[in-house]
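Tertiary structure, described
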Amino acid sequence: MMGPLTRSVGVALLTLALAATAACSDDAETSDSSLATTVGGDTAETPTITIVTYSSYVLDEAVQAKVENDLGVKLEISATGDGAEALTAAILTAGRPEGDIFFGVDNTLLSRAVAGNLFVPLDPADVPNLAEIPEELLLDESGQLVPIDVGPVCVDYDQQWFAERGLEPPSSLQDLTDPKYRDLLVVQSPVTSTPGLVFLMATHALLGDDADAFWQGLVDNGVSVAGSWDDAWYSQYTVSGGDRPLVVSYASSPPAEVFYSEGAVTTPRSAVIESTCADQVEFAGVLDGSEHVDKATEVINAMLDIAWQESLPLTNFVYPARPDAAEPDLFTQFAPRPAASIVLDPAEIEERRDEWIDDWRSIVE
Amino acid sequence: MSRSRLIAGAVAVLAGAAFYGWPLVAIAQRSLSGVAGRAGLSMGSVGDVFSDPRIGRLALISVGQCVVSTLLVTVLGVPVAWVLARLRFRGRRAMSAMVMVPFVLPTLTMAGAMIAVAGGLPRSQWVRLALIIAAHVSFNLGIMVRSVSAAISAVPPSLEQAAATLGRSPVRAALGTTISAVRGAIASAAIIVAVFCLTSFGVIVALGGASIGTIEVEIWFLTTRTLDLGRAAVLAGTQLVVVMVLVFAYQRIRSERFGRAAHPARPLRTSLDRRLVAGCWAIVGVVSGLPIAALVVRSLRGPDGWTWSNYGVIVSAGELGRAGGTGGVRGLDALGYTLGAALVATVVALAVSIPVAVVASRDDRVGRWFEHAMIVPLAMSAATLGFGFLVAFSGPTLDLRGRWIFVPLVQAAAAIPIVVRVVLGAVRGVDRSLLDAAAVSGAGPWRRLVAVIWPAVRRPAGVAAGFAFAMSVGEFGATVFLSRQNQPTVAILIGRLLGRPGETNLGQAMALSVVLGLIAAVSVVVVDRSMSDGPTF
């Protein structure tokens, strides 16, 4: 009579025991690692600098070890969602930050990040590497955010597809509304996708008041709108087996195509239409509420050291902010940095972002 | 009884406040005041939202896909539930487990499976909408099948047999007796399915692309993209109200009480029985099996054709992903954390749900109030829950960010409403006369709990634990805001892998998804086995 009851109590106890074991083993791990820190160097003198960022951010291991050694710090990454989600989380917890540095504010979010009272102002004297950064990247007038890298968003095209048909690829933004290129372009929605948003802003920056007419032209010319970069690139782009040979992507997509093919491809099929490129600049700042403002500022300066800058192309597929940082062969060969990118003004973006998106939605959706 | 009910009530209220009240207040407070220079909630933003024709269109899509998905789940799920509850046949456990597997898959994976089944993302908006509905049906069929089959097995088959003996066709006999007796359970499951479809996010974004949006996607957009927390609050609030209306509607039609005993299934006797089983295999095969098969096939593909390497890397000491996309996380570590977190989430969910169910089980005003209140959190959008937790538990006194327990807590919060509903049905089924008899004969509250209540809720508690575990293993929407780079769950890891290009990343993501699916299947089988015998009290 008590058999099943005893057994189910047993099951319950076992579950609890398992849970407790799991919790304990976690504790054990934590104390192990804190032990290691203590052995490796006095914890009191080795502050941990936590970089809050988005989840696809990659920190090169060798660079991390070098910076930790040089500055006497331990670097940790605390990553959440995509760039906008991570920034929203940081703004919602402003003043009680989860780490010391936030990385990943881009120029489309710059003004909002500054308005969120998240960052402490930096003295340029504490970030000597800023002297190496070109003027046009120094977009934050409040002196809180330091540009780290640049990732131009461009229209890419499938060279093979155009060559097979003897069709000249488009050479400008306006060409995309040409009936010659009907049903060939896929873009991302600025509502759900960051490259989509940058591309929308590029059209406004380049065409001004004619941007809405341009988008109407794209719709009339059969533009396809994807929800995400993945959707556009993997499902609709001809290089991945889709039916659209023109795609909004990155200037670094051709080398990425080679890199991620894992040896299957040595020359990319994709190439970039340079005149369509607009720079997405990524910034870092020291979070207000950090207990290690000085060390964190040193880490930000280290982000602009040559070693850190040169690690960026093959980890995050962006270009270094420093012009004197060398780019890997894959980049110099297949992704020369666009000579003149469309300039996006953060102040204008903040003021008109919602309006542009609303207009876009009424035209395209 | 009233003192123990008071204690249970206090526990329930405290837990509700900690899990939902506090996070909701924290996020609502910021919505009212606005952040980063954005205006907050005002009467103006309420008016704006309701007069926006686009919002109207989004609402139409939200409700439309939700209604169609729920109807399909009901029509397909109830026959399968009946067959699983009434008939004993080879492969019954396999069918029961298979139907639950899609429920645990992360939304991104399900979207990937649907794209694979469709042979690429279709261009037509209508086909995309159909894919979204297909994904929702696949996800939710298990909820309908398992909760309804539990209810059916509690209904004595004798009525059905009597009706059949009196000359009604077996199908009509079942419809007229058993199915009609469990219509409350069907409605209850349908409401939960409807709420899931209404608040679905990842599937809509991945399959709908830009052209198909819903209110839930708009809440996420307003929160993370435009930081317009005021308008987001208006929409989130409206969504909550809609769900509450649904729940009240359900309350009106709910009528029956479940019995306690599970009646044994009978062997197949007629050709109709065999045809029914075959039909259910067809349903489960297409709805649950096809997406799983697509995943398995994809997980076995590498750059050079068929390979086991995607699985090899999960159990090896090597780093997942290519070019450091996963931040040096090893597959086994993520798997260990996922299982540990899901176990803790299950224990927490049960610990909170049982007192709530005990309070809500009494059919009086307080009981009904609790029952209604516990459905509402289901309608909280994942973004609201995730950001709410983040803001609420990052204070100077209690900062859980980066702590091991943070993720299981939010997973428990997501699972509790479901667990309460499953346990509640069982507690209600406890024979009141038995309790009274026990009280008269001098048994204290503890003795009554052990001797009367526990045997009756044991099986449903097991089923509920299975749901909670499965939901926690696959939870993505809220976990994504709380999990940390060096300690992701498998679902989060899959999201990261899918976010980076390349065959290897995709293959590994699919392999991890298959592993998650296996875990779900195994947990369901284990629950079934340990709970298969009826209470013997």
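Treat the numbers as computed from the prediction; the structure is a model and nothing was measured.

This part covers the overall build of chain A. In terms of regular secondary structure, chain A is built from 13 helices and nine strands. For chain A, buried positions account for 51% of its 365 residues. Across chain A, contacts joining residues at least 24 apart in sequence account for 76% of those joining residues at least 6 apart.

With that settled, consider the domain arrangement of chain A. All names here are of chain A. Partitioning chain A into structural domains gives domain 1 (48–150 + 281–320) and domain 2 (151–279 + 330–364). Each of domain 1 and domain 2 was reduced to a C-alpha centroid, and the two centroids are 27 Å apart. At the junction of the two partners, domain 1 supplies 16 residues and domain 2 supplies 19 residues. Of all elements in the fold, only α4 (110–115), β4 (146–158) and α11 (306–316) reach the threshold of two or more residues within the side of domain 1 that touches domain 2. Here the side of domain 1 that touches domain 2 gets three residues from one element, more than from any other, and that element is α4.

Residues and elements named next belong to chain B. Along helix α17 (residues 365–375), the residues classified as buried are Phe370, Glu371, Met374 and Ile375. One face of α17 carries all of its buried residues, which in axial projection span an arc of 135 degrees. Projecting away from the buried face of α17 at angles above 90 degrees are the exposed residues Arg365, Val366 and Trp369.

Two elements, strand β1 (residues 48–53) of chain A and strand β2 (residues 74–79) of chain A, share six bridges in a ladder whose sense is parallel. Across the sheet, the residue bridging to Ile49(A) is Leu75(A), located in β2(A).

This part covers the environment of Tyr250(A). Residues and elements named next belong to chain A. Mapped onto the elements, Tyr250 comes out in strand β7 (residues 246–250). A tally of 24 C-beta atoms within 10 Å means that Tyr250 is categorised as buried. Residues Tyr250 and Asp279 lie 29 residues apart in sequence; the distance between their C-alpha atoms is 9.6 Å.

Turning our attention to unusual backbone geometry. Leaving glycine aside, a negative phi is the common case for residues, and trans is the common case for peptide bonds. Residues and elements named next belong to chain A. If you check the backbone angles, Asn117 has positive phi at about 50 degrees while not being a glycine. Turning to its location among the elements, Asn117 is positioned in the loop between α4 and β4. Non-glycine residue Asp183 carries a positive phi angle of around 60 degrees. Of note, Asp183 is situated in the loop between α5 (159–164) and β5 (185–188).

Our focus in this paragraph is the packing of helix α3 (residues 53–86) of chain B against helix α14 (residues 271–299) of chain B. All names here are of chain B. The interhelical angle for the contact between α3 and α14, taken along N-to-C directions, is 130 degrees, at an axis separation of 10 Å. The orientation of α3 with respect to α14, classified from their angle, is oblique. Helix-helix and strand crossings are classified by hand; for α3 and α14 the assignment is left-handed. On α14, the residues that touch Leu76, Pro79, Val80 and Val83 of α3 are Leu276, Val277, Cys280, Ile283, Val284 and Val287. When its residues are assigned to classes, the contact of α3 with α14 shows ten nonpolar, no polar and no charged.

For the rest of this paragraph, the subject is the confidence of the model for chain A. Per-residue confidence for chain A gives a mean pLDDT of 83; residues scoring 70 or more make up 88%. Scored below 50 in pLDDT, residues 1–42 of chain A makes 25 contacts in the model with residues more than four places away or belonging to other chains.

All names here are of chain B. Among the secondary structure elements, Thr397 is positioned in the loop between α18 (382–392) and α19 (406–429). We classify Thr397 as exposed; it has 4 C-beta atoms within 10 Å. Residues Thr397 and Ser33 lie 364 residues apart in sequence; the distance between their C-alpha atoms is 23 Å.

We now examine the domain arrangement of chain B. Residues and elements named next belong to chain B. Once the domains are mapped, chain B shows domain 1 (1–28 + 312–537) and domain 2 (41–299). Counting from both sides, the interface comprises 47 residues of domain 1 and, opposite them, 47 residues of domain 2. Of all the secondary-structure elements, those providing two or more residues to the side of domain 1 that touches domain 2 are α17, α18, α19, α21 (445–474), α23 (490–498) and α24 (503–531). A per-element tally of the side of domain 1 that touches domain 2 places α24 first, with twelve residues. Taken together, the residues of the side of domain 1 that touches domain 2 break down into 30 nonpolar, twelve polar and five charged.

Here we take up the confidence of the model for chain B. All names here are of chain B. Per-residue pLDDT for chain B has a mean of 79; in total, 86% of the residues score no lower than 70. Element-level mean pLDDT values for chain B span from 69 in helix α20 (residues 432–440) up to 92 in α3. In this model, residues 532–537 is a region of pLDDT below 50 whose contacts with residues beyond four sequence positions or in other chains number 13 contacts. For this predicted complex, the interface score ipTM comes out at 0.72, while the overall pTM is 0.77.

So, about the nonpolar core. Core analysis: the largest hydrophobic core is formed by 236 residues, its most contacted members being Ile101(A), Val148(B), Ala415(B), Val419(B), Ala468(B) and Ala520(B). Sorting elements by how many residues they give to this core places helix α16 (residues 331–361) of chain B first, with 18 residues. Setting aside chain neighbours within four positions, we find Val148(B) in contact with Gly77(B), Val78(B), Ala81(B), Val182(B), Ala185(B), Ile186(B) and Ala189(B). Membership of the second largest hydrophobic core comes to 50 residues, among which are Val187(A), Trp215(A), Ala226(A) and Ala251(A).

What counts, and where the lines are drawn
Residues numbered from 1 in each chain as written. Chains lettered and ligands numbered in written order. Predicted model: local features only at pLDDT ≥ 70, side-chain atom pairs only at ≥ 80, totals over all residues. Helix = DSSP H or I, 4+ residues; strand = E, 2+ residues; numbered from the N terminus. Buried ≥ 20, exposed ≤ 12 C-beta atoms within 10 Å, placed from the backbone. Contact = placed C-beta atoms within 7 Å. Domains from an automatic or database assignment. Arc of directions from axis to C-beta. Pairing = 2+ DSSP bridges. Axes fitted to C-alpha atoms, helices over the stretch in contact; angles between N-to-C directions. Parallel < 35°, antiparallel > 145°, perpendicular 65-115°, else oblique. Left-handed = near helix turned anticlockwise from the far one by under 90°. Nonpolar A, V, L, I, M, F, W, Y, C, P; charged D, E, K, R; others polar. pLDDT = per-residue confidence, 0-100. Core = buried A, V, L, I, M, F, W, Y, C linked by C-beta atoms within 7 Å.

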